[in-house]
Structure formats: C-alpha cells, structure tokens
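This is what each chain is made of:
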Amino acid sequence: MGQTVIEKIIAHNIGADSVKPGDIVTAQVDRVMLDDIMIPFIVDKFKEMGFPKVWDPDKVVLIYDHLVPASQQDDTRHFKIGDAFVEQYGIKHIHRSDGICHQLMTEAGYVKPGDVVFGTDSHTTTYGCVGAFSTGIGYTEMAAILGTGTLWVKVPETIRIQIDGRLPEGVMSKDIILRLIGDLGADGATYRALEFCGSTVEEMSVSSRMTMANMAIEAGAKCAVFTPDEKTAAYCGIALDAFQRQLVGDADAVYLKTMTYRAEDFEPVMACPSQVDKIRNVSELEGTVIDQVFIGSCTNGRLEDLQAAARVLDGKQVAPFVKLIVTPASRKVYEEADRLGVLRTLAEAGAIITHPGCGLCCGRTGGILSDGERVVATNNRNFLGRMGTSKVEIYLASPATAAACAVAGKIVRS
Amino acid sequence: MGMTIAEKIIARAAGVDTVKAGDIHTVNLDRMMSNDGTTHLTVDMYHNKLNHPHIADTKKMVFIVDHNVPADNPKTAASQKKMRDFAREHNIDFWEGKGVCHQIMMEHYVCPGELIFGADSHTCTYGALGAFGTGVGCTDLLYGMVTGTSWVLVPETIKCNLTGRLPEGVYPRDLMLTIIGTIGANGANYQVMEFCGEGAKTLSVNDRMVLCNLSVEVGAKTAIFEADEIALEYLKARGREPKAVFRSDADASYVKEYTFDLSEIQPVAAKPDFVDAVVPAKEVCGVHIDEAFLGSCNNGRIDELRVGAAIVKGRKVSDHVRFLVVPASQEVYLQALEEGLIATFMESGAIVMNPNCSVCWGSCQGVIGENEVLISTGTRNFKGRAGHPSSKVYLGSAATVAASAVKGEICTADML
Amino acid sequence: MEQFTGRVWVLGDDIDTDIIIPTEYLAMKTIDDMKQYGFSPLRPELAAQIREGDIIVAGKNFGCGSSREQAPEVIKALGIRCILAKSFARIFFRNSINNGLLLIEQPDLYDDMKEGDTITVTVNQDVDYQGKTYPIASLPENLVEIINAGGLVRAMRRRNGLDQD
C-alpha cells in the first residue's frame, strides 16, 4: 500500500518498509535545535537524568535568539549556561546573535530533506519546507534525546492539501496558510501531519514554503511537509539522493482527508484578535485604525518578505504616529537586504530596523504595545497578551499587507 | 564689563543688555525637548495639577521617544502611548525610533544663540552649536511648556583653552574623559564650560558634541563653543539660520581657566563606577569583558562608526563578547548603510540595533547581567547603570571599544 | 482504582501557552518564581486562588501554542491535580505526561460544569459530577510507563542506573 511523505520519512528513519498512522516507533534523531529561553531547563534536566555525555555533539545546534539583545538583567544568565554547556559537552554548533533559530536551521544547512529533527520551540514544524519531519518538544524530552539520540513518536495521520494555479497579485503564501488555519480551525490538525502539493506550491520559493510549514502548528499540526525538489536541493546546497527524490505522497497513500484549493480564489486575509483561526478578508477590515506594524519573525522575516514590504514602501512614508518595526530573520537576511538596498528603502520610509532575532513576536521586547493599541504583524501568533497587555489587538497578515497598512495608518489591501 | 557667550545668550533670552553670574533672570525659552524617560510624568502633571492647562507655544516643543524604543514592556509602552497621544492632540513635533533625542535635536532644531531646556541631563550637548542647552526636571519643563518662560541663575563660566591637535588614534572622547579626570565629577558644579582656543578650531561639530555632551559629568550646567564658521557650515548644510552668533568679550569674567594641550592627550578609560576615575587605557588592558557598546548621544555618530568599522573590518568579534553597535540616529544609520559600515559590522558578528539610547540607558536592550563587564562609549559608568547592580562599566573611545570587542578583553586599537 | 475529588476552575476553548505563562516571565530562574503569573493575561487573580488539589475543566485545544514546558510545570506547581478538557494540544500533552501532570480528555463535562463545584475523578474510568457519570478513556501503554516511573526524568535516571525500580 502507498505511503504519505511523513510515513516514508519515519519508515526510512527506523529502517522499516512502511509504517501506518497510530504506530508508536522509536525515531533516531538526525538533528536537534535548542534555544536560549529553554537552555537552563534543558541543562538542569539533562544533568538530573544522569547522562555522562551528549549522544552526538555534532547533531546539536544551540541558538540564542529570543533573548538577543538581552532586555532583562537575568537574560544573560541563559547565555552563560549555554556557553558552559557547549564547552563541557563539546557541542559543535552555536549561534549567539545570528538570527531566529528556525531560519538558521535551514539556512545554515543543519536540516536536509528526509531528516527527523526536534526542537524546543513549537515552530520547529518549519523544516518541513525542505521535506524534513520536524516538530517541537519540551525541555525534558530534549534532555532525554541529548542522552539517547532517540524519541518515541506516534505516526500521525496525514491531511493532504492540494493547491493549483497562480496566486493573484498581492497574495502571498501567508494568506494561504492563514486561510487554511481558518478552514481547519486552531485544533483542526492536532496530532496530524499536513502535506502540501499542487502546482502552486511547486512554483513557490523555499522561503514561501517555510511560512506555511512554520504556521502548521497554529492548526495544531504535529508537522507539515513539502516534497523536496530542485529548489530545495539548491537551497540546501545538495543533490537529492534516491530516498529524498521519492518523498512524494503515493497515489494510493491513505490520507485522513484531502483539501483542494484553486490559487486564484485566495485573497489577502488577516487573523483577527485574538485567535489564529479567526480569519477575515482584508477587504472586510479596511479602515480599522492601527498604531504599529511589525514585519519579521520565523514566519515572515526573510529577504522575499522584506522585498515585498520594500516594494510597497518605496518612496512612501510610514503614517504619522505609526511605528513600523522591521526585524530581519537572520544575519544573512539582513546582509542581503543591505546589499540589495532593501534596508535603505525601508529605513528611508521610516522603518525602525532592529537586529535579527525573535523580537516582538516572542513578546519580551521589540515593540510591546499598550491598552487599546492595535498592531498588524507578520508573525505567527495573535494570542491574548502576546505583545503586551491583554487589551492589545493583534492582526496577523502578510508582509505586503502589513507594509500597506503602515503607510495608510489603517488596515488596507496592498 | 564684558560677557561670556553663555551670559549673552541668557541676556538675550531675558531681554536685558547685560547679566552677570549670580543674577536670577526670567527668560523666554527658544525650545523645549522631552523624551520618554519622563514625558508621561509631565503629561500627568499637566492634566492633574493645573487649573488652566494650556501650552504657550506648541512650536517650541519637541517630544522624542528614544530611551525604550521599540517599547520593551507594557509599562514603557503605556508611557509612550501617553506621550504620543498628547503630541497628537496638541500638534507637538513627535519623533519615535529615529534616534537619540540630542542627536535629533542637533540634526533638526538647535540654532546658535538659543536657550533650550531638555528634560534630560545631556541637553548640554547643544553647546556644540553655540546654543545654551541644559537639563531640567519635568516640573521645570511643565512650567516652561505652559508659560514659555523659566528662571535661570546665571552661572559662572570656566574657560577651557584648547591648544594643539589630537594625535592619530586619539579621539575627542579621550580628550573629554581626560578633562573630566582632571576637573573631577563635581568640578564644574552649576558652571558653564566654555571651550575655546586654537585647538577648538581643529574639532568638528561632531567632536564638539562629544565634549559638550559629557560636561554634565563634571556637574556643569552646560558647555559651549563659539558658533564659528565650522558650526555655521553645519547649520547651513541643514538649511537653518543662527538665532544669534555670540562670542565672549575679551574682558569677560571667568571663575577659572584651564588649558589642555590636545597633542598630549592619550587613549584613556574611565573605570567603574565613576566617570572621573580616568586612567590611561593601557592600565585597564587585559580586563575580561562580556559586552562592548558603540553608540549613544556621546559617541554613536558617523565618525565613531567609521572608527569602529575600520577596526573590526576583516576581523571577528570575540565569541564570548556581545558587541552592540547602535547608530545615534536614522540619518547616521542611513549614512552608515551607504558607506558599507553596517555591512562591515554585521560581517564581524556585531549586533546592530535600531537608533536609540540602548545599553547606555541600561534597560531595554543589551542589558548586562550579574558580575558582567561592559566597555562602552556611553555617557556613564555608575554602579548598575547598564544592568545588574554587580555589573561593571568601563568607558572608552570607539577605537578602544571596537578593539576590545575583537580581543575579548580591554585593549587599545594598536594592540590588535 | 485511583480516585480523587477536587474543586473545579472552568476555563474556555483554546487556552494557549501564552495565557498559561507569558513569555515575559519565561526566563525567570525557577518555576516557583513564575507560577504567580500563571493565567495572568486571562485571569490575573486566578493563580492566587488555586489551591492544592484543585482541578481545571476546559474546552477544546487546551495548551495550544508554544512548546514551553514551563506551562504544565507552572500548572502543576500551582497545585492543580489534573486537567479535564474536550481536547489538548499535542506538545502540551506530551510535556504534561513527562512531568506527571494528569490530562484527561472528556467531551461533555465542560458543557455542564459550573465553576466552584467539586467533581470526583476515578482514573481510567469516569468522572462523577453531582451524580452524573462521564466516562473517560485509559492512557496508551507507553505513556502509562512514563507516568508510572514518575515522569521522564525519573525514567531516564532509572535507565542510567541512578535510581532503583
């Protein structure tokens, strides 16, 4: 019988011919990502568990991003603990101020198609953009992986999402995933895998796919995956091997369901406060006055996102009394945006450009808001209190829409 | 008897022919600046303490959000919202995230001969353009806002005669720290420092800002340079006209005179926790650091970014050092982008932040933790200034800070 | 069969991890430092009101959002004995089991439940609320093993020969 992409990855990982949803298997972990918020807890649990060494220091990547730059006195304690852990156990990969963990994991080549990867952050689903099985876990499980190199996994059922055709002007992959979350509901894919296919996603850049895989968790999904192709190979700097080339859902694979969309039917949307699945067309929200715009995060802080914003902002000015905060996803994104004049365009339009990191998305600094204020943001969550008090209203949108809103000072279509 | 520049500015603002040190005069203020450190308090008083709240002249007011920007917690966000709403309601010039207040004031507002109050101690920076700028509390600012006037006690003036020219690799910041070390942290209390002499002619407006900005660290009410052709050129390039160009009379009276030979100045550092604990930089070399900061209203302009970038070019920031580079304004940032300096800093591994007060202000970003050590181009190294009470701050020039970031310990640029 | 009775706090659908413990407090040194901020965006007074042995009853998708394990740890530290919800988010579910916080899925109880009332839970069997019985399922075997070991840390300590069975 046929297999879905995720089933193929898991079966390959455990050396089986096939697996089926519901099977509980022990996966051999190809790579793990540890972030700065969780590192003290991971180290505590790891030591408490009594492991003498880390199973494979080359497979461990530690990334400081939530707390860069430190905004509170105790923040740097996390760096000290992380540095000491790296030193003591010979961890091979550490990034101290290079950008957001999920961006770096794919951009710096730590994740390859077909890999099984876990990270201590829920948006670890992102690496499905290159055809990996990746998902977020807690710090206790991470500590156990560091010692054993394994983790139990229940094989998820797969929801297939087929999108064909050409997206209309001004519609980005963010609009697709938001619409999908709206259709699925915030728990509509809980414990399940999303598998994207169709001509629209085949045409997409790896960056656009990242946006969609990144937000799969907002529908509760365990993971999301795209079939690796030539774009993936180029992005990862590899040639696809035989296993990676056949990571496509079989015609006779069993899917929980298939959702089919025509690209031409999508339009710019927003997730309204304070639920990720409260999706409205931007046209229905036009005129809503805003106080701030945030362009950044592991969802939408990449070069193509900044370029989309720059196209809208070129020669224009951010509306009076409105703040536009731009936080590139990584050092490399920042440098490329600088080289291509994108930062210049954004800064001339009045954007506040910060160093790469999680920034406002993680709600610790980078543009916190106050009671009654409204923000349009390109990140992944609009939960109550995520960017300040519970009386802040967060609207999630694509970078193109966000930039247009910054110029208008209210919600508008790009 | 003759008058100093400061006395002439006060006389003009008071509408009298002469003033002398010790006089108290009611003056018309040319401009008032308030930032997010205290504006919310001023706004509260405006609403709650006044019987007939009004603003004498909204054109004289400038509000600037620069300390915690973008906002780092709900409290600072609420303060800034109060400020933003007030500015919008009263049609007050409002800047947010475009740079440190004093840099914005210099780029867009300050004119020679003006008397300017700012609700920030480093308002003394404006003397670089021959203006009398001084820091006040928010009550004084509120009074000024409502009446357009205030009172001043005419300060005595100290003459700082500068001779010679700074050697290669020595910067105005080294000069000013040396002066502070010589005069002492309260050596100019309530007095004006007037910089003059042939050495002053060798200094750009940027350089002069470095000197004036730190004058408050010796307790000065302000510091001032004569608005010479260098100052007027700066002003002209920005499309502004001087209000009045004053120079001190030959027979003006000074309470004290110092002479500093610029050619003898060497790289120096101020040790924790006092700005006047100044020693030759060589004496603190080897001190392990956790963070380095290049920025602030004192030292975050294009000149300093050029110095820092030249040092880190082709090198990497030490693994265990967080090197924060924070342009003083959006204008500086754009210039630095244009010149490739930002690219150089990013390539070296530095953390390049949006223009703001950053860790000089010790909250919001780049905060240092328990027992950590920072070397900084900021204005102050007081106990706990940059974060945890047990942390330490050394002050040095942009060159020393950049070199230290690369080496991982304090060192001067020639030691790399 | 293990049985316990407790007072109930009723929360809604989609109680996310940012509500359970906001990011602002995540870098505090200990869970005990953090727990006073539990549920603060939604009900700032709740953390102080919860007493040892209380039970949370909630709607669908409890614990959605972040992978932060501080979320179940904070709830446990506040004294919550177990959470009954229509459904749980995946990562939160795993994190809770790994910390020995009991989660039970029950589709109907939430719709009937009134805050402040007490319920009696018989593990792997049912819930009794004012004489009405609500069936609950048993946990999968591999999870029972972790819970029986006293959480994942204890299970690993045993594996590494630090603790005896």
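These numbers come from a predicted model, not from an experiment. (Residues numbered from 1 in each chain as written. Chains lettered and ligands numbered in written order. Predicted model: local features only at pLDDT ≥ 70, side-chain atom pairs only at ≥ 80, totals over all residues. Heavy atoms only, no water.)

A.B. asks: If you had to explain the overall build of chain C to someone new, which residues and values would you point to?
C.D. replies: When helices and strands are tallied, chain C shows 8 helices and 7 strands. Computed over C-alpha atoms, the radius of gyration of chain C comes to 16 Å, within 12% of the 15 Å expected from 2.2 N^0.38 for 165 residues, which places it in the range of a compact globule. Summarising its shape, the C-alpha atoms of chain C cover approximately 45 × 40 × 25 Å along the three principal directions. Counting over 165 residues, chain C shows a buried share of 59%. (Helix = DSSP H or I, 4+ residues; strand = E, 2+ residues; numbered from the N terminus. Rg over C-alpha atoms; globule rule 2.2 N^0.38 Å. Buried < 20%, exposed > 50% of the residue type's maximum accessible area, 1.4 Å probe, protein only.)

A.B. asks: Could you give an account of the interface of chain A and chain C, with specific residues and numbers?
C.D. replies: Of the residues lining the interface, 42 residues belong to chain A; the matching set on chain C comes to 44 residues. In total, about 3700 Å² of surface goes out of reach between chain A and chain C, with carbon and sulfur atoms giving 55% of it. Counting every contact that joins chain A to chain C gives 4 salt bridges. Inspection of the chain A/chain C interface yields 24 residue pairs in polar contact (both at pLDDT 80 or more). Among the elements of the structure, helix 2 (39–49), helix 3 (75–89), strand 6 (133–136), helix 5 (139–148) and strand 7 (150–154) of chain A are those that each provide at least two residues to the side of chain A that touches chain C. Broken down by element, the residue count for the side of chain A that touches chain C peaks at 5 residues, all from helix 5 of chain A. Its residues assigned to classes, the side of chain A that touches chain C shows 18 nonpolar, 12 polar and 12 charged. (Contact = heavy atoms within 4.5 Å. Buried area = accessible area lost by both parts, 1.4 Å probe. Salt bridge = Lys/Arg side-chain N within 4 Å of Asp/Glu carboxyl O. Polar contact = N/O pair within 3.5 Å; in protein donor to acceptor, adjacent residues only side chain to side chain. Nonpolar A, V, L, I, M, F, W, Y, C, P; charged D, E, K, R; others polar.)

A.B. asks: With reference to specific residues and values, describe the pattern of salt bridges.
C.D. replies: All names here are of chain B. All told, the structure shown has 55 salt bridges over all chains when counted by the stated rule. Lysine 282 is the salt-bridge partner of aspartate 414, the closest N and O atoms lying 3.0 Å from each other. Residue aspartate 414 is found in the segment after helix 14 (398–407), and its partner lysine 282 is found in the loop between strand 13 (278–280) and strand 14 (291–295); the two are separated by 132 residues along the sequence.

A.B. asks: Tell me about the environment of asparagine 186 of chain B, and name the residues and values.
C.D. replies: Tracing the backbone through its elements, the reader meets asparagine 186 of chain B in the loop between helix 6 (172–183) and strand 9 (192–196). Taking the C-alpha atoms as reference, asparagine 186 of chain B lies 4.9 Å from glycine 219 of chain B; in sequence the two are 33 residues apart.

A.B. asks: Tell me about helix 12 (residues 330–338) of chain B, residues and numbers included.
C.D. replies: Among the residues of helix 12 of chain B, those classed as buried are Gln330, Val332, Tyr333, Leu334, Ala336 and Leu337 of chain B. The secondary structure elements touched by the buried residues of helix 12 of chain B are helix 14 (331–339), helix 15 (342–348) and strand 16 (352–353) of chain A together with helix 4 (101–108), helix 11 (302–312) and helix 13 (341–348) of chain B. Its side-chain oxygen 3.3 Å from the backbone nitrogen of glutamate 331 of chain B, serine 329 of chain B forms the N-cap of helix 12 of chain B. Taken from the residues just after helix 12 of chain B, glycine 340 of chain B is the one with a positive phi, measuring 80 degrees.

A.B. asks: Quick one: what's the story with the packing of aromatic side chains, residue by residue and with numbers?
C.D. replies: Residues and elements named next belong to chain A. All chains considered together, the criterion is met by 20 aromatic pairs over all chains. Look at phenylalanine 85 and tyrosine 89: their rings are 4.9 Å apart centre to centre, the planes differ by 45 degrees, and that puts the pair in the tilted class. Pair noted here: phenylalanine 85 and tyrosine 89 are both in helix 3, with a separation of 4 residues, about one helical turn. An identical accessibility class is assigned to phenylalanine 85 and tyrosine 89; each is buried. On the numbers, 6.2 Å between centres and 80 degrees between planes, the contact of phenylalanine 118 with phenylalanine 133 is edge-to-face. Of the two residues, phenylalanine 118 is situated in strand 5 (residues 116–119) and phenylalanine 133 in strand 6; the sequence distance between them amounts to 15 residues. Phenylalanine 133 gets classed as buried once you look at its relative accessible area, which sits at 1%. One residue, lysine 154, lies across the ring of tyrosine 191, its end atom 4.8 Å from the ring centre. (Phe/Tyr/Trp six-rings, centres within 6.5 Å; stacked < 30°, edge-to-face > 60°. Lys NZ or Arg CZ within 6 Å of the ring centre and 35° of its normal.)

A.B. asks: Explain the packing of helix 2 of chain A against helix 3 of chain A to me, using residue names and the numbers behind them.
C.D. replies: Residue and element names in this part refer to chain A. For the pair helix 2 and helix 3, interaxial distance at closest approach is 9 Å and the crossing angle is 45 degrees. Regarding the angle of helix 2 to helix 3, the classification is oblique. The hand of the helix 2/helix 3 crossing is left-handed. In contact with Ile39, Pro40, Val43, Phe46 and Lys47 of helix 2, helix 3 contributes Arg77, His78, Ile81, Gly82, Phe85, Gln88 and Tyr89. Broken down by class, the residue content of the contact of helix 2 with helix 3 amounts to 7 nonpolar, 3 polar and 2 charged. (Axes fitted to C-alpha atoms, helices over the stretch in contact; angles between N-to-C directions. Parallel < 35°, antiparallel > 145°, perpendicular 65-115°, else oblique. Left-handed = near helix turned anticlockwise from the far one by under 90°.)

A.B. asks: Explain the pairing of strand 3 (residues 82–85) of chain C residue by residue, including any values.
C.D. replies: Residue and element names in this part refer to chain C. The alternating pattern of strand 3 places Cys82 and Leu84 on one face and Ile83 and Ala85 on the opposite face, and all of these are buried. Note: strand 2 (residues 55–58) against strand 3, 4 bridges, orientation parallel. Pairing of valine 57 across the sheet is with leucine 84, part of strand 3. In this fold, the crossover linking strand 2 to strand 3 by way of helix 4 (residues 70–77) has right-handed handedness. Relative to strand 4 (residues 102–105), strand 3 runs parallel, the two sharing 4 bridges. Considered in strand 4, the bridge of isoleucine 83 is made with leucine 103. (Pairing = 2+ DSSP bridges. Right-handed = clockwise from strand over helix to strand, strands pointing away.)

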